[in-house]
Amino acid sequence: MLDKNTFDAALRPGVRASLAGANQALRRAEAETFGRLLDERGDFLPGASFRRDCPQCGTAHERAAELLRAQGMQLVRCPECRLVYSREVIDRDFERQRYQDSSASQANLELKHDPFYAALERDKAAYVAGRLSELAGPGRLLDIGSSSGALLRAAEEAGWQSFGMEINPAAVQACQAAGLAAVCGEYPCALPAEWGPFDAIALLDVLEHVADPLAFLDRVSQDLKPDGWLVVQVPNFSSLLLTIEGVRNNNICHGHWSYFEPATLPALLVRAGFEMRWFETYISELDRVLAYPDEQVAAAWEQLTGQTLAEPRDLQVEQLHTRMLGYKLFGLFQKVAT
Ligand SMILES: [Zn+2]
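Residues numbered from 1 in each chain as written. Predicted model: local features only at pLDDT ≥ 70, side-chain atom pairs only at ≥ 80, totals over all residues. Heavy atoms only, no water.

1. What to know about the coordination of the zinc ion
Taken together, Cys54 (SG), Cys57 (SG), Cys78 (SG) and Cys81 (SG) make up the protein donors of the zinc ion, found 2.3 Å from the metal. We note that the donor set of the zinc ion lies within a single chain, spaced as C-x2-C-x20-C-x2-C. Here cysteine 54 is found in the loop between strand 1 (49-51) and strand 2 (65-70), whereas its partner cysteine 78 is found in the loop between strand 3 (73-77) and strand 4 (84-86), with 24 residues between them in sequence. Assigned by exposure class, cysteine 54 and cysteine 78 land together as buried. (Donors = N, O, S within 2.8 Å, 3.2 Å for Na, K, Ca; no water. Helix = DSSP H or I, 4+ residues; strand = E, 2+ residues; numbered from the N terminus. Buried < 20%, exposed > 50% of the residue type's maximum accessible area, 1.4 Å probe, protein only.)

Set out below in structure tokens:
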């Protein structure tokens, strides 16, 4: 029943071709949105961004080793806690505007209307709700960044009472029209007081966007019941595809301020007062990986695992996930009584 390969686009024939146009439109819109914040040298315009120290342990950014530069951001690795983060963060007002009315947000929503994409989203949401239900609940679930409501629906079907918050008004209207409990606005300001406290809070593709993740998780923890659960998904900075593509990878972009890896995501959550109960990678992107020459695939594999990959053409999705090299990190974390 629970099979993460059901929502792996690399294993579903026809998905890539169906999504190609919408994906291209999204990339174009994103490039245009990013470009508006940069000068002709590719640095952020004055006032558009600020610099910060390590968002996990506070170590000064000057001490961190630079990994790569992209779109005005300098990605560095903290010498103390090993977190990879962008030294530059876009100013909040710029950031908010970007989500609310940019052509990129619109293109993102249009991608979600594609029937292939919607099917993948639905299957992933069912998997996430299923994993959570194996360990917890049912009870009250809050999805922060509920988007088109796939998880709200799947959680309801699994017996949870689900609530969504989303910054994009069109996405919220679609949820409300479908009878789902969703409000438009930013967490935590717009959270209706009568909704909580929650048995579980979902943060799917959220933590990488937050400039101060520990302060954010502290607030999330307050909205959870004792022993409550966090459902977390973030892009995997140490995925095989991202390692091959480097700055060309579309996960390296404005709005992604922290770049988590299998070691650093649990460390952040432990620091925030949670214990890890489930952790894996899902979504292989194996077809995109294998579009690169064997030498590049083998080199990235060796960089990540320290081992030689004899036959890159024969690579299987299970090999990727066993080594935590899939495209997304997914974990269930339980609040620890303090
Ligand atoms: Zn640090």
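From this point on, the discussion continues.
2. Remarks on empty space enclosed by the protein
Gaps left between atoms show up when a probe the size of a water molecule is rolled over them. Tallied over the full model, the rule gives one cavity of 30 Å³ or more. The space that makes up the largest cavity amounts to roughly 40 Å³. Lining of the largest cavity is provided by Val128, Ala129, Leu132, Leu141, Leu151, Ala155, Trp160 and Val231. Elements with a contribution of two residues or more to the lining of the largest cavity: helix 4 (115-135) and helix 5 (150-157). Sorting elements by how many residues they give to the lining of the largest cavity places helix 4 first, with three residues. Across the lining of the largest cavity, the residue classes break down as eight nonpolar, no polar and no charged. (1 Å grid on protein atoms, 1.4 Å probe; cavity = no way out; pocket = protein on both sides within 12 Å on 5 of 7 lines; lining within 4 Å. Points joined across faces, edges and corners; volume = space filled by probe spheres on them. Nonpolar A, V, L, I, M, F, W, Y, C, P; charged D, E, K, R; others polar.)

3. A short note on the pairing of strand 3
By the criterion of burial, strand 3 is predominantly enclosed, with five of the five residues buried. For strand 2 and strand 3, the ladder comprises five bridges, and the chain directions are antiparallel. Residue alanine 70 lies in a different strand from strand 3, and its bridge partner there is methionine 73. From the end of strand 2 to the start of strand 3, which pair antiparallel, there are two residues, and glutamine 71 there has a positive phi angle of about 50 degrees. Where strand 3 meets strand 4, three bridges bridge the pair, whose relative direction is antiparallel. Across the sheet, residue valine 76 finds its bridge partner in strand 4, namely tyrosine 85. (Pairing = 2+ DSSP bridges.)

4. Here we look at the packing of helix 4 against helix 5
If you want to describe how two helices pack, look at the angle between their axes and the distance between the axes. Remark: helix 4 packs on helix 5, axes separated minimally by 8 Å, with the N-to-C direction vectors making an angle of 50 degrees. It follows that helix 4 is oblique to helix 5 by the angle criterion. Here the hand of the crossing between helix 4 and helix 5 comes out right-handed. Judged by residue contacts, Glu121, Ala125, Ala126, Val128 and Ala129 of helix 4 engage Ala150, Leu151, Ala154 and Ala155 from helix 5. (Axes fitted to C-alpha atoms, helices over the stretch in contact; angles between N-to-C directions. Parallel < 35°, antiparallel > 145°, perpendicular 65-115°, else oblique. Left-handed = near helix turned anticlockwise from the far one by under 90°. Contact = heavy atoms within 4.5 Å.)

5. Overview of the pattern of salt bridges
Applying the stated criterion across every chain yields a total of 18 salt bridges. Taking the shortest distance from any N to any O, the salt bridge between lysine 225 and aspartate 199 comes out at 3.1 Å. Of this pair, lysine 225 sits in strand 10 (residues 224-235) while aspartate 199 sits in strand 9 (residues 198-204); the two residues are 26 residues apart in sequence, bridging distant segments of the chain. Its relative accessible area of 29% is what places lysine 225 among the partly exposed residues. Each of Arg16, Glu245, Glu285, Asp287 and Arg288 takes part in a single network of salt bridges with overlapping partners. (Salt bridge = Lys/Arg side-chain N within 4 Å of Asp/Glu carboxyl O.)

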